[in-house]
Amino acid sequence: MSQFRLWNVSRWGERLSNNSNALAPKLVTSKQSRREVAITAILGAALGTWLIGPQNVAPTSLDWLKKDAVFNQIAFEYFWNSPFFQFPLSATPNLGVGWGTGLHSNGENLFVALLIKPLAWLFDQGFQFQGIWLVSCFLLHAVAANRVLAELRLGQLARSFGTMIVTVSPYLVHRIASMYHFQMAAHWLILVSFLMYLRRSRAILWCLLLSFTLMTNVYLFVMVFGVWLASLTDRTRVSMRLKSPAITRAASAEVLGVVVATVFVLAVAGHLTYVSGGSIKGLELLRASPITFFNPSDSNVFFEVRQRLSLPGRTWVNEDSEGFAYLGFGVIALMPCLVVQTVRRRGALLARVWPLAVILLALFLAALSNKVALGGREYVIDVPNVMIDARQVFRSAARFVWPLAYAVSIAAWTAIARWADSTPKAGRNLVLFVVLAVQMVDVLPFLSAQHRLMRSDVAIQADMASGTWKSLLSRYDSIKIVPTLDFYENHADSTTEVQAWAESSRLGSVVQFSAENNLKLTFAYVSRPVSEIVKQANDAIQAELDTGDLASGSVYLFATEELWKRFAPEHGSRAFVVDGYFVILGPPR
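The text that follows walks through the structure, step by step, so that each part is easy to find. (Residues numbered from 1 in each chain as written. Predicted model: local features only at pLDDT ≥ 70, side-chain atom pairs only at ≥ 80, totals over all residues. Heavy atoms only, no water.)

## Topic: the packing of helix H9 (residues 188-199) against helix H16 (residues 346-368)
In contact at an axis separation of 10 Å, H9 and H16 are set at 150 degrees when each is read in the N-to-C sense. Between H9 and H16, the angle falls in the class roughly antiparallel. In the crossing of H9 with H16, the sense of the turn from one axis to the other is right-handed. Residue-level inspection shows Phe-194, Tyr-197, Leu-198 and Arg-199 of H9 in contact with H16, the latter providing Arg-352, Val-353, Pro-355, Leu-356 and Leu-360. (Axes fitted to C-alpha atoms, helices over the stretch in contact; angles between N-to-C directions. Helix = DSSP H or I, 4+ residues; strand = E, 2+ residues; numbered from the N terminus. Parallel < 35°, antiparallel > 145°, perpendicular 65-115°, else oblique. Left-handed = near helix turned anticlockwise from the far one by under 90°. Contact = heavy atoms within 4.5 Å.)

Below you can see the structure in the form of structure tokens.
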């Protein structure tokens, strides 16, 4: 038997054991399976379309984008105009000139962006694929949830109801509609990794999944990578029963393959050529709460509203929005059943899922950080500094609660479905329906509120509407903001007037105008502090202004009138005010 085939027998090796019967898939015809998947996909897509609004699926619809989605869209606009063959592939050289920016510093999703990039020429004034991406994510999320439940041998009704519960997970919808982190809508990748764990999938499939996930989002990659480690441990443990030296070689080959694939994607996606002089650490301490699964916070779910009325000033449930992972009251109500079923089946379950349980718990602890926040109190745990520094590489490590949240939801639903199997059919269906109804009564008000948020249009005002700007495009190809800013540092080194200007729509209009016309810009929104780079850029611009040797083809745009007046007299007619912006022109190109 070849080494490759020997490694793959681990998938059926465990199924031959008595302990794995509870997790073996129920036999269904391929026709039934295809029909169920098709219906699930349609319903998932319909939910995604309803949430964001049908009009926002259109590529030409841009006004609905807000918050981080706006910065992502600007990065995509620059990306469409960058060379197709470049290194790294994600580079946006005209955005934040000299900063080494790219999609890796603005939300990623490089794989899909590369697929769509050849179509950019079809649109004169920009287009967005984020609406289509979100609908696709809901479609794939629903399908992945359904397949996981099928792998756990749940009946058709239990699979259907369970798919609904997992698909409308509050923390998924919150990430999309409240946070506008669209690239992180791919929670289906977590569910696919669960499915591959249960199926003991081949090494090549894990390499493909990890590569795609890394090109989609780094945070999701860490979560899927953790599930892969658990799967590798599980498959190695089972395969060791064969007592063959080929097992060790196969495991080593898989690890090498994953490492090579990861390093390759990191390189082409730009993560290994990150902003020179930028920090690899995030700012602040974003973390989850130990009660995050039970904490509705201010999400406007049904039971949270009632709780808020009875317990005003609920400081004990306040926590970072990044750590929001409320399960829903229906799932929470299943916890006693989950505990009982786990105790009853502890032997088989521990033998099958302990590697996954260890990884999910480790991710959860990383999300809590060493400063555990519970209500208004904070408990500091002494850990080595190297662990704290590693954790802060992922500034928003609070997101690492998601895999455990999904695992708990799926396990709780499986537990009640197993228990219901022991009741008469009518009673079984009633139990499942009641749990689903409780979950939906709790979550639907939240979904409705998020739907209204997504449909509201708050387009950036076109402040740079004067024909003067268009006339400059034939002679100028660069805008230098004076002073430029480190947006992630909250403009800490800037004056109050500069901060006010940056936080108004004025800076946003400049960035949007630059993106639409592919102008070089000395500013960018990046996901890490770049204060050292910003200082170097400002020093260079200051030197140009002090000597009067302005760069050819550059428009110097000042944040405040006071700064502009310091240099305007020296430049005569090249210093003027247009649409409320204070401008000095360098020599035309």
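## Description of the pattern of salt bridges
Counted by the stated rule, this structure contains 13 salt bridges. Here Arg-237 ties to Asp-234 by a salt bridge, and the two come within 2.7 Å at their closest N and O atoms. One end of the pair is Arg-237 and the other is Asp-234, both in helix H11 (residues 218-239) and 3 residues apart, which spans about a single turn. A salt bridge links Lys-565 to Glu-561; the shortest N-O distance between them is 3.3 Å. Residue Lys-565 and its partner Glu-561 are located together in helix H24 (residues 561-567), separated by 4 residues, close to a single helical turn. Because the salt bridges share partners, they merge into one network encompassing Arg-200, Asp-234, Arg-237 and Arg-352. (Salt bridge = Lys/Arg side-chain N within 4 Å of Asp/Glu carboxyl O.)

## Observations concerning the side chain of Gln-450
Turning to its location among the elements, Gln-450 is positioned in helix H19 (residues 425-455). Here the side chain of Gln-450 touches Ser-178 through a polar contact of 2.6 Å, side chain to side chain. Sequence-distant contacts of Gln-450, that is, excluding residues within four places in its chain, are made with Leu-51, Val-173, His-174, Ala-177 and Ser-178. (Polar contact = N/O pair within 3.5 Å; in protein donor to acceptor, adjacent residues only side chain to side chain.)

## Comments concerning the nonpolar core
Phe-194, Trp-413, Met-454 and Trp-469 are the most contacted members of the largest nonpolar core, which has 157 residues in total. Looking at which element gives the most residues to this core, the answer is helix H18 (residues 402-420), with 12 residues. When near neighbours in sequence (up to four residues on either side) are disregarded, Met-454 contacts Leu-51, Ile-52, Asn-56, Trp-64, Lys-66, Leu-134, Ile-176, Ala-177, Tyr-180 and Phe-182. (Core = buried A, V, L, I, M, F, W, Y, C linked by side-chain atoms within 4.5 Å. Buried < 20%, exposed > 50% of the residue type's maximum accessible area, 1.4 Å probe, protein only.)

Just geometry here; none of it tells us what the structure is for.
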